[in-house]
Amino acid sequence: MAERAAPGGAGPETAVPVPAGPQEPELSREEKLQLRKEKKQQKKKKRSEKGPAAEPPEPGTPSDPGQPRAAHPTSLPALADGPSDGEKPAGGKSKAELRAERRAKQEAERAQKQAKKAELSQAATAAKPRLTPTESQSVVKRLPEHVQVDDPAAQRKLAKKLERQQVPLRQDYGTKVNLFSHLHQYSRKKPLTQQMSIPSTVIHPAVVRLGLQYSQGIINGSNARCIALLEVFKQLIRDYSTPPNEELSRDLVAKLKPHISFLNQCRPLSASMGNAIKFLKKEISCLPDTLREEEAKEKLQDTIDKYLREKILLAAEAISRSAFEKINDNDVILVYGCSSLVNRTLCDAHVKKGRAFRVIVVDSRPRLEGRETLRRLVRKGIHCTYVMINAISYVLPEVSKVLLGAHALLANGSVMSRVGTSQIALVSKAYNVPVLVCCETYKFCERVQTDSFVSNELDDPDDLIVLRKGQAQLGGWAENKSLRLLNLVYDVTPPDLVDLVITDLGMIPCTSVPVVLRVKSVDQ
Amino acid sequence: FFLLDLIPLSSVLEVIVITRKEIQKMLNLDTKMKLDFVCISDNMDMGTADSLRHIHQKIKTDVLVLSCDLITDVDLYKVVDLFRTHDATLSMLMKKTHEPTEVVPGQKGKKKPVEQRDFIGVDDTGKRLLFMANEADLDEELVIKRSILQKHPRMHIRTGLMDAHLYCLKKYVVDFLVENGSITSLRSELIPHLVRKQFSSPTSLEQGLDNKDDDQKKKEQASLDIYSFIKEDNSLLKPASDNSCWNDHRGDMNESLHEGKVRCYVHIMKEGLCYRVNTLGLYIEANRQVPKLLLHLGLEEPLVHGSAQITDRGMVGSDSIIGSSTQVGEKTSIKHSIIGSMCTIKDKVKITNCIIMNSVTIEEGCCLQGSVVCHNAVIEKGADIKDCLIGSDQRLETKGK
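Just so you know, these numbers come straight off a predicted model, no measurement behind them. (Residues numbered from 1 in each chain as written. Chains lettered and ligands numbered in written order. Predicted model: local features only at pLDDT ≥ 70, side-chain atom pairs only at ≥ 80, totals over all residues. Heavy atoms only, no water.)

1. A short note on empty space enclosed by the protein
All names here are of chain A. For the coordinates displayed, the defined rule picks out 9 cavities of 30 Å³ or more. Its boundaries defined by the atoms lining it, the largest cavity holds a volume of some 320 Å³. Breaking the lining of the largest cavity down by element, the ones donating at least two residues are helix H8 (222–239), helix H12 (340–351), strand E4 (401–405) and strand E6 (415–418). Broken down by element, the lining of the largest cavity gets its largest block of residues, 4 residues, from H8. Grouping the constituent residues of the lining of the largest cavity by class yields 9 nonpolar, 12 polar and 5 charged. (1 Å grid on protein atoms, 1.4 Å probe; cavity = no way out; pocket = protein on both sides within 12 Å on 5 of 7 lines; lining within 4 Å. Points joined across faces, edges and corners; volume = space filled by probe spheres on them. Helix = DSSP H or I, 4+ residues; strand = E, 2+ residues; numbered from the N terminus. Nonpolar A, V, L, I, M, F, W, Y, C, P; charged D, E, K, R; others polar.)

2. So, the sheet that holds strand E25 (residues 389–390) of chain B
All names here are of chain B. Strand order in the open sheet formed by 5 strands is E13-E16-E19-E22-E25, and the pairing between neighbours is parallel. A strand with exactly one partner marks an edge of an open sheet, and here the two such strands are strand E13 (321–322) and E25. With 2 bridges connecting them, strand E22 (residues 372–373) and E25 associate as parallel partners. Looking across to E25, one finds that Val372 is bridged to Leu389. (Pairing = 2+ DSSP bridges.)

3. Section: the pairing of strand E10 (residues 264–269) of chain B
In regular strands, side chains alternate between the two faces of the sheet. Residues and elements named next belong to chain B. With 6 of 6 residues buried, E10 lies mostly within the body of the structure. The side-chain alternation of E10 yields two buried faces, one formed by Cys264, Val266 and Ile268 and the other by Tyr265, His267 and Met269. For strand E5 (residues 90–96) and E10, the ladder comprises 6 bridges, and the chain directions are parallel. Its bridge partner lying in E10, Leu90 is registered against Cys264. (Buried < 20%, exposed > 50% of the residue type's maximum accessible area, 1.4 Å probe, protein only.)

4. Thoughts on the pattern of salt bridges
Residues and elements named next belong to chain A. The tally for this structure, following the rule as stated, stands at 28 salt bridges over all chains. The partner of Arg188 in a salt bridge is Asp459, and the shortest N-O contact between them spans 3.1 Å. On the criterion of sequence distance, the pair formed by Arg188 in the loop between helix H6 (152–165) and helix H7 (205–216) and Asp459 in the loop between strand E7 (435–438) and strand E8 (467–468) is long-range, its members being 271 residues apart. A residue is classified by how much of its surface remains accessible, and Arg188, at 23% relative accessible area, is partly exposed. The class of Asp459 is buried, set by a relative accessible area of 9%. In this structure, Lys234 engages Asp305 in a salt bridge whose closest nitrogen and oxygen atoms are separated by 2.5 Å. On the criterion of sequence distance, the pair formed by Lys234 in helix H8 and Asp305 in helix H11 (residues 293–326) is long-range, its members being 71 residues apart. Members of the salt-bridge network, linked through shared partners, are Arg188, Arg367, Glu369, Arg418, Asp459 and Asp463. (Salt bridge = Lys/Arg side-chain N within 4 Å of Asp/Glu carboxyl O.)

5. A look at the sheet that holds strand E15 (residues 333–335) of chain B
Residues and elements named next belong to chain B. Spatially, the 4 strands line up as an open sheet ordered E15-E18-E21-E24, and their pairing is parallel. The open sheet terminates on both sides in strands that have one partner only, identified here as E15 and strand E24 (384–386). Pairs of neighbouring strands in the sheet enclose a mean axial angle of 0°, with direction left out of account. Sheet analysis places E15 next to strand E18 (residues 350–352), joined by 3 bridges and oriented parallel. If you follow Ile334 over to E18, its bridge partner there is Ile351. (Axes fitted to C-alpha atoms, helices over the stretch in contact; angles between N-to-C directions.)

6. Some details on the packing of H7(A) against H8(A)
Two quantities define a packed helix pair, namely the angle between the helix axes and the distance between the axes. Residue and element names in this part refer to chain A. The contact between H7 and H8 brings their axes to 10 Å, and the two run at 170°. The orientation of H7 relative to H8 falls into the category roughly antiparallel. For the crossing formed where H7 meets H8, the hand is left-handed. Here Ala206, Val207, Leu210 and Tyr214 of H7 come into contact with H8, specifically with Arg225, Ala228, Leu229, Val232, Gln235 and Leu236. Taken together, the residues of the contact of H7 with H8 sort by class into 8 nonpolar, 1 polar and 1 charged. (Parallel < 35°, antiparallel > 145°, perpendicular 65-115°, else oblique. Left-handed = near helix turned anticlockwise from the far one by under 90°. Contact = heavy atoms within 4.5 Å.)

Right, dumping it as structure tokens:
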């Protein structure tokens, strides 16, 4: 629930308590009025007595509308009887006034605790850093925890959170390059299931399987990972049953959290997955309470299906159609790595529309994803050439356009994609070859990044070891203290190197990405 | 019992134990797992597959089948991970064996361990099981289907592997077993059947559709094919795997995993402990390894039990295990042996390389070498025993040989 307050509060709102959006269950106005009255009372008492009124209500107020949801009206009288501050104001007050005062203090204390907890839980939710917080809060921007691996306090917090959720903590492997010591580096040979029971009781088995498939690299590529995630969530919802005395809308979100942490530990969540999870959480928490459990589950599964169909599958279709206009006869198109969207575009253009063009597939170690692209394109009968990335300056003179896929599009227009993409964009710019990026709108992300160092993913360094004639030159890299292996997964291409972004909303220049984001957030 | 100790190490939580009534009474373990005992009476001679059929109502999800004569310290998660990651039909455990070096008592002459060889074919990664055949089933040649080689051009065939009888099976395999009453043993019939099925297509289904006359018969045949048991809910993940850029092989135009629905995987242990004590030789071998490996297993019992009364400690070798309440007399030398509980060993006895079970009485002056003495036996004075098997409740005369 605190996360819902964040997007509401992340805009340029001031300290005026704003209603947290139409999705509030009819949180009593009387409740809010009562709280405000109590606060006013408390302020008066403070001024009159100069007593040590515990908490200034100001910072409490912006988070307050977010909090009363958590304050069940039935627990108020109980708390008033509970242990209070221990301060007894000077005599001469009636019992009712005393009680009201104590209640006000309780409210304010609880509000502050909620605010603290809200900040903590916001820092701990999967993947996404927020925009700069409101002016009333502190000025320091909070970093998401997945880029704070070298900060022991943040790691301790993470470990505590995982323990609470009963998700095992994955150990980092090998020495990291200094510039990237703030990121996790895991080994594929030490999966997370080593520390879990068989069959796992806390995490649903389908989620365990998905996590294993992510960490072993069987499901790769941001679209595939997102589709698999949504399917598994559908299954989770199917297998979920509300415990008694709980509401589905709140309990289901709480039940999803350990699973999301588990998947995050297996492999850091991608931008597409993060957006899908945000969408799902919002959908769940704004389910009306009147629905029965069966109907609610049906409705949720339908919304997931709709999201999958619209944002991923139909968007791919739309992008394929718009990109087709840009492909002319006798074109030479350069593609890099394996992007499901680009493959689909090219296959559709060749098979369904019959355009005649050639493709140059550029590949790079250690993933060698270009081979899969090559296989898929050649299977459809497209004429392909295969080169490694160090040969691009040799092939670029004959290339007419470059078609790239993206992992995410950031709010300043930069493109986050497989490592090597920025190189290709850079060299293409030098040769004046247009660079087109295909990306669905659900991958648009509110982060801003200008370099590839801050938020990236480090893959297993042992992947870089190559066996030639039975000898692995880098085999003993761990023993050599001055040798570090770096296996980056993503890199960021600056917006001036990209000429056009093809999305399901049409063809937009890179600088229009923030507009799309704004339109999207207004829609929601 | 070793096995039931191993399982909590890998935190399995629910176990169904199929055993005979008498053994169930002996087991009163105090473990955290939920043990569910299913008894089968002695008269029924059930094979492993029959036992599974017997309890198939209790099996609701994918199941891990273990045989109780397995002693191992493998990390179970490795076998199960193979099963999970690749969505396999079957995942099993094997270990590289070495030839037994010591002479097995009670057997005359060395039997060449050639007749019982298994030929196991695995692919390049060493994980996917392509081929399995027992030497007893083959006449003179080893026949390999061409479809296997077309899909996996590199196959490593190994003979030195021992099957640990630890299988992770999907639910539909159990359903298939229930329908198909002719399979009695898991190891010798079901597993090779599954391994063969990986590369054969479900042809009987297609034939059934065309031919309307033999419709009934074909339908019956088709229903026994395991493909019909594979539920189609995996089609949910198909768009995910379409968009994913992983392929398990390269060099040809086929989709990942050749779109085969039945997949068998094997985890081959290189190091670590894995014994199947289903033959005498292996049993003795395992027993002899126990002192060395007790430390390895983390059991911290002292080799000589606290309540054993040993008059002369110096004569007991450091790699012998002596059970509780055993009395050992003076001047007895015990080397490389395992002695059970409640034994009485009198003075001047020399015991080398023996396995002596519980409640055995050994009188003075005996010399035992390389033997196995079972429960409740009595060995009179002056006996000289070498490489023998002495059954339970036997009584050996004085000065016997």
